[in-house]
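Structural description and commentary
So you can see what is in the structure, the chains are spelled out below.
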Amino acid sequence: MIELSSEESESETETDYFYQPDSRGLCLPPGYVLPPGRRGGGEQRATSQVTLSAPPNPLTSNHQQKKTSTVSNRRGSQDLTDGGKSGKGNNPGGGKMRAPSPSPSMDSKDERGAAGGGGVVMNPADEEQDRQDRYQLYVLVLRCIAYPFNAKQPTDMARRQLKLSPSQLDHYRKRFTMFLRNELPQIQSDEAFFNAVNYYNDSFVRSSRIEKVVKCGGVSAHDFREVFKKMIEKRVASLPDIEGLSKETVLNSWLTKYDVITRGEEGSKSATRLSAPLSELTLGKEELYNMFQSILGIKRYEHQQFYNLMQLDSADEQSSVIRKELNARKQFAEQLAKTKKLPKFLHKGMENMYMEELNSQIQMLMHNLDCLPVASSRAGGGGGGAGRVGGLRSAKNLIYRGRAMTRGSEIGRAIRRRAYSWSPNNALLEGDQDVPLSKSDIALSFYIEVTVVEVQNLKNVNGGKIVYCTMEVEGDKKLATDHAEASRPQWDTLGEFSTTQPLPVLKIKLMTEAASILSLDDKELGKVVLTINPNFNSNKQSQWFTMEVPGSKKKQEAETDPLKVKLKILMDRPQNIKNCGYLYSQGKELLWAKWKKRFMVLIQVSQYTFALCYYRSKKSDPSDIVQLDGFTVDYSEPKEGMPPKLFYFNAVKEGQTIDFAADNENERTGWITALVRATGQSYRPEAPTKLKSQQNKSSDSAKFSQFINMNVEEVDHHSYFKKLQTLTLNYRLNDSYASLGWFSPAQIFLLDEYTARYGVRGCHRHLSYLSDLLDKSKYGYLIDPTLMHYSFAFCASHIHGNRPDAIGTVTVSEKERFEGLKETLREYLEKQISNFRYCFPFGRPEGALKATVSLLERVLMKDVVTPAPPDEVCKVVKKCMENAALVNYTKISDYAEVEEPPNPEEETPRQKLERVIRLAELCTEVLTQNDEYHAEAFAWFEGVMKEHAEMFWSMFLVDMNTALEVQPPDSWDSFELFQVLNNWLQTSNMLRNGKFHTQLCDLFAPQLIRYVDLMETSIAQSNQRDFDKEKWHTPDERRGQKGGASTEVAIRGCVASDNLMHKLCALQDFMVDINWPDAEFRDHLDQRLKLLAADMIDQAVRKTKTYFESHINKGGSSTSYTIPNTVCVMLNCLVDCEDKADKLTRCNFDKNQYHAQVPELIRETLTEFKSALTEKLNAVFENTLSSLARYDETNMLSSVFAFTTNFKSKISLPAFGAKAAPSKPGQEKEPAKQATGQDLAQPFMTFVRKNQQKLHELLFNEDYINEIFILWYKKTMTLMSTWLCERASQQLHIFQLVTLSTILKKTYKSFLLEGVMPNDLETADYEAAKKRLTLEEATALMSENAAFITERMDDSDGADAADDDDDDD
């Protein structure tokens, strides 16, 4: 596999990238329609237009996808839609769509400092200015976090994984090395898994490209596992099927083993489970505060100062700040309309449109704020009853409560009805700002809990009597406690009530059962009547109340121990009541002409509407309402005639004044604070001098207050946002997660909120983001091209008037920045594509290169509706691929020289050739990886990858020619280079028979022809020379000549024939390995080699035949004859030629040609050899038969031979089977030896067995040996049968009979033992001879010659075996 060295990596000037795709796999911005011809299938490129609109980003969250703009495009373009639907969706407030987010990624909780692109040393003045800017920016960020009303954190984003550090990569490499060295015995593996891990380790884990990506922090352990999974899927799919074991099971087993290798023992516990990082989830406010402290470099104590001064825990304070900001923006817009100090736009008519957009943004923010339910506060605070339900439920005797109202539900419904039916913002939209509130607009609901604990001083009642208490709130149900004895009047019973009266009357009565049966009502023992309000019992503790006893009031007062009841009363304050209590008030111009103490309630009708209401006791509707729009609240001094001991303040509106007074300073401060928040006034009331000195104790407060009190319209929010986004991106890229530039949900939420709240233009946001991404890529950070694609598409849509964020104005600066970034982006993308092998190693992530090519095509578009001409796009891509070919080949060739550094002075031609062969292997591996991992991205550009590969090979061709020029003539080492290249090119459908393939064939074709010519001449000459010098030695003889055992490969025939077969086979195997691509030329060479083989084999056969004829005739015909070794070697030579001739000579030319008859010639020659050999062997049998013919009756000397035989048998030996009497008792004589026939049959059988054994030892082909034996046996039987037929009219002499019977039987048995089948042995000649000899034997047994019959034709095998043993002896 190809591995680039560290030297190569260090020499690279390009930045490598490893992209992490989004889980949705989207590469195009929303609304972007692919150009014709890129939409899938076989669709042709056409001239249809491309439409690019920008609805909300589908890469963010579901609730953002549903936000749409209801503002029509004034230029007639399409409205912003989301699948043809529009509406409020989950947008808080349901307002118009703001600029969508450019990134929905995840964040890290790593609190490393924000790292920019290189350190910049600032002077002290710049540092101080930067510090103040960060303080001011942090104040704005805190407000966005404390009370968001335009955005929320998305929850459906792809979670980012932890980066894989260099130390972890070293750990991986060590673990894989241990596994490959069998140092992890706990992991059981087979050969297939071992090979897969070895390939993965060599090609991926130890790749220098992956090492560089890890150093850049662009890859995670999850990515490593996915690459391994992708690699093994193909291997597992190619494995044979095993019954009972599915391939999915094998795949899962391999992944489990991989986890054990990489993670150690921990991997077996949880193979695929990766802990979700906390910062990648939805964060709370505290986590957001901590994150942006790290991003902006704010210290903890500084954050605490800001937190306290800004009252971030108060939702009312934050909503008040928002209203002040909106009022300030509204005033700024009015001033801007007067002064006409507007940005420079592309067209003059955009100035009026710009003002409309400003007003529309303000109205949208007011609408979003007003649509927030008052009862659901986001920042906490208010309500006062957070934990009350759990405590009250602990009451042991819970009475019947009836159908109680859910706390705050009616309030929420009333406020929502009010908010959606009318609001000042809606009135503003309609041009009517003076619509007064009515009493029906004010709807309150209170929840009251009364707990009756016990009664004291109950003296006038018998202790055994039953007593109980009743509870009643006017206008609601009446409840009663359980019964208790008068001696122990304790209940601890809870009663729940609901009312719409701010000042309800609560009645508690103590009752006892009536003494008389006729009495209908129980007797009242005492009662308590209380007028309560939301401030009643603020400490939430039980209190004692004196009960009024029926009868004389004076008598009751005179008692020292009055009747008391212990009550715990809680009255819930609805969250839309911001303050309430008794105030002295007078407003002669408006209301309350008389100075009087009244119960006032400050009610928030909606987020933008407040009312100060005067309530009387037992009344649900307010008596008077003061709508606080336009009022200014401040401290005041008492007027003439007013009590001096009270604490005064007033509310002024257009010369109309309402005076108020509280009983103490704390009440006055609380009322002023609540009223200031309600009025939204920018003026902050200043307390009297002595109070002011007490409040401003800290000197740091003044330092931080200047940033808090800064007018938001005096802040350059676009510059601040750019700085905030840049610092956030720095923080994100330097955390511990492989984000690739994608923001976390918390970060994107903050940026969305800031953009909408402070009017940051969407085009500015995305231009800044795109600029930051390009800058970060220059410093080695890994950036996902999908991010750039979305931001660029957004900006392009905005510049060309498509209003992706409902903003139709385009400034000159935006246009200029866009054009500059467009050119920079184009250069960046071209560079990325030119370095695609190193920017997208191993195709990771899937689709990243395709997204880059798509973005380049988008950048080349002239506008958002006119696609770039296909020829132009293809031309640019081809130019990039040409550069890529140069980059790839340069780095590969440099790596080859680093791996094997050449020394031009000492390098031999062979070394140069080996270096080029190694380079060729590297090049084939590079192009294989390109085709496997990167070709899909260029599928729409026909021929691009092919031209890239051809250019790549053209560069290699130069180096190859340089190495081939220095090779010596008639050197065939270069064919190895041709095989490496040709074998790979043959497997490539794209490059097979291409330009480089043709050039390669043209270069090596003459050399190949020259090689074949020389081999033909060499083989012909060596064949003639070798057969002339051939000694026809057996292998044992050749080893003996060399002085011992030889280690050479066993030669089956003679040395000359074996050399010939080896050369012919090697030459033809070489041509097969060459695998020449041109079929016609390949067939021509194959035919030449077949004809050469036919000629050489024919010549070898004829020479062998000549030598055989001269050797076979040597030797006599006696039984001492043995087949010569040379004859056996010649037989082996022909058999070997027969075995290989069919393969070496078979071709498609005409069978009638002479060379096509070579196999037939060999078979005929072998047949002649077998016949000649058997004739030679049967000549010995013919000689034996000639010896037996002397005993014929017709022979004149037959009587002499018969007499000699009989005389010898009678004188020398007793008759066969006769037994001599023992000479002494217990001692027997040895049997007499046979003297008839055996002396002639035994030598013949020895001859047969000896030659059979020699044929077995020297011939290697068992089939051929069997054929020789069959032919030999048949001819022997034929000779015997013919000899007997010639003597059919004569009786055989006993010597003839015994000899032939022995030969017949032992010959049959000998050939049977040699493997000849009985069907081949029991021929007609054998049966005729056996029948004749059996008849003669029967005749002899009836005569005087019966003693000579030692072996009968029907003797058993046991007897035959014994005879064979005797013969062997």
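What counts, and at which threshold
- Residues numbered from 1 in each chain as written.
- Predicted model: local features only at pLDDT ≥ 70, side-chain atom pairs only at ≥ 80, totals over all residues.
- Heavy atoms only, no water.
- Pairing = 2+ DSSP bridges.
- Helix = DSSP H or I, 4+ residues; strand = E, 2+ residues; numbered from the N terminus.
- Phe/Tyr/Trp six-rings, centres within 6.5 Å; stacked < 30°, edge-to-face > 60°.
- Buried < 20%, exposed > 50% of the residue type's maximum accessible area, 1.4 Å probe, protein only.
- Lys NZ or Arg CZ within 6 Å of the ring centre and 35° of its normal.
- Expected span 1.5 Å × (residues − 1).
- pLDDT = per-residue confidence, 0-100.
- Contact = heavy atoms within 4.5 Å.
- Axes fitted to C-alpha atoms, helices over the stretch in contact; angles between N-to-C directions.
- Parallel < 35°, antiparallel > 145°, perpendicular 65-115°, else oblique.
- Left-handed = near helix turned anticlockwise from the far one by under 90°.
- Nonpolar A, V, L, I, M, F, W, Y, C, P; charged D, E, K, R; others polar.
- Patch = residues over 30% accessible without salt bridge, like charges linked within 9 Å, V, L, I, M, F, W, Y side chains within 5 Å.
- Areas by Shrake-Rupley, 256 points an atom, 1.4 Å probe, with all protein chains shown as cover.
- Salt bridge = Lys/Arg side-chain N within 4 Å of Asp/Glu carboxyl O.
- Lys, Arg positive; Asp, Glu negative; His and termini not counted.
- Charge placed at Lys NZ, Arg CZ, Asp CG, Glu CD.

1. Comments concerning the pairing of strand β10 (residues 564–571)
Here strand β2 (residues 446–456) pairs with β10 via eight bridges, running antiparallel. Residue pairing in the sheet places V455 in a bridge with V565 of β10. Pairing of strand β9 (residues 543–546) with β10 involves four bridges; the strand directions are antiparallel. Paired with Q543 across the strands is L567, a residue of β10.

2. A look at the packing of aromatic side chains
For the coordinates displayed, the defined rule picks out 56 aromatic pairs. On the basis of an interplanar angle of 65 degrees and a centroid distance of 6.0 Å, the ring pair of Y138 and F306 is categorised as edge-to-face. Here the residue Y138 occupies a position in helix α3 (residues 124–146), and F306 occupies one in helix α10 (residues 300–310), the gap between them amounting to 168 residues. Like F306, Y138 is buried. For the pair F952 and W953, a centre-to-centre distance of 6.0 Å together with 80 degrees between the ring planes defines the contact as edge-to-face. When sorted by exposure, F952 lands in the same class as W953, which is buried. Ring pairs connect the aromatic residues Y172, F176, Y200, F204, F224, F228, Y258, F842 and Y933, which therefore count as one cluster. Above the face of the Y838 ring, K891 is positioned so that its terminal group lies 3.9 Å from the ring centre. Its end group placed over the ring of Y1121, K1176 keeps NZ or CZ at 5.0 Å from the ring centre.

3. Structural notes on helix α24 (residues 812–834)
At 3.6 residues per turn, the α-helix brings residues three or four places apart onto the same side. Here α24 spans 33 Å end to end across 23 residues, near enough to the 33 Å set by a 1.5 Å rise per residue. Buried within α24 we find V812, E814, F818, L821, K822, L825, Y828, L829, Q832, I833 and S834.

4. Description of the confidence of the model for the protein chain
Averaged over every residue, the pLDDT of the protein chain is 78; residues scoring 70 or more account for 76%. At the level of individual helices and strands, the protein chain shows its lowest average pLDDT in helix α13 (residues 388–392), which scores 29, and its highest in helix α20 (residues 717–733), which scores 94. pLDDT under 50 marks residues 1044–1049. Its contacts with residues more than four places away, or in other chains, come to four contacts. Of the regions scoring below 50 in pLDDT, residues 1206–1235 engages in 21 contacts with residues more than four places distant in sequence or in other chains.

5. Focus on the pairing of strand β3 (residues 466–473)
With respect to burial, β3 is a largely interior element, six of its eight residues being buried. Where β3 lies against strand β7 (residues 505–512), seven bridges are found, and the strand directions are antiparallel. The residue of β7 that forms the bridge with Y468 is M511. Examined bridge by bridge, β3 and strand β4 (residues 478–480) share three bridges and lie antiparallel to one another. Looking at the pairing, T470 lines up with A480 of β4. The turn linking β3 back onto β4 is made up of four residues, and G475 within it adopts a positive phi angle of 95 degrees.

6. Here we look at the sheet that holds strand β14 (residues 624–627)
Reading across from one edge, β14-β13-β12-β11-β17-β16-β15 is the order of the seven strands in this open sheet, with antiparallel pairing throughout. At either end of the open sheet lies a strand with only one pairing partner, and these are β14 and β15 (632–635). Across this sheet, the average inter-strand angle for adjacent strands is 35 degrees, counted without regard to direction.

7. Describing helix α26 (residues 848–859)
Along its twelve residues, α26 runs 16 Å from first to last C-alpha, staying within 8% of the 16 Å computed at 1.5 Å per residue. Counting buried positions along α26 yields eleven of twelve residues, so the element is predominantly enclosed. Every buried residue of α26 is listed here: A848, L849, A851, T852, V853, S854, L855, L856, E857, R858 and V859.

8. A short note on the packing of helix α11 (residues 315–339) against helix α12 (residues 350–370)
Contact geometry for α11 and α12: axes closest at 10 Å, N-to-C directions at 165 degrees. The orientation of α11 with respect to α12, classified from their angle, is roughly antiparallel. Relative to α12, α11 is oriented so that their crossing is left-handed. Of the residues in α12, those touching α11 at I322, R323, L326, R329, K330, A333, L336 and A337 are Y354, M355, L358, N359, Q361, I362, L365, M366 and L369. Split by residue class, the contact of α11 with α12 holds twelve nonpolar, two polar and three charged.

9. A closer look at a negative patch on the surface
A cluster of acidic side chains, namely D1078, E1080, D1083 and D1086, defines a negative patch on the protein surface. Tracing the sequence through the fold places D1078 in the loop between α33 (1055–1074) and α34 (1079–1112).

10. Comments concerning unusual backbone geometry
One non-glycine residue, Q311, adopts positive backbone phi at about 50 degrees. Inspection of the secondary structure assignment puts Q311 in the loop between α10 and α11. One non-glycine residue, L740, lies in the positive phi region at around 60 degrees. Here L740 is to be found in the loop between α20 and α21 (745–757). Note on L740: relative accessible area 3%, which makes it buried.

11. Re the packing of helix α5 (residues 191–205) against helix α7 (residues 221–238)
When two helices pack together, their arrangement is given by the angle between their axes and by how far apart the axes lie. With their axes 10 Å apart at the nearest point, α5 and α7 run at an angle of 130 degrees to one another. Between α5 and α7, the angle is such that the two are oblique. At the point where α5 passes α7, the crossing takes the right-handed sense. Across the interface between the two elements, F193, N195, A196, V197, Y199, Y200, S203 and F204 from α5 touch F224, V227, F228, M231, I232 and R235 from α7. Here the residues of the contact of α5 with α7 are counted per class, giving eleven nonpolar, two polar and one charged.

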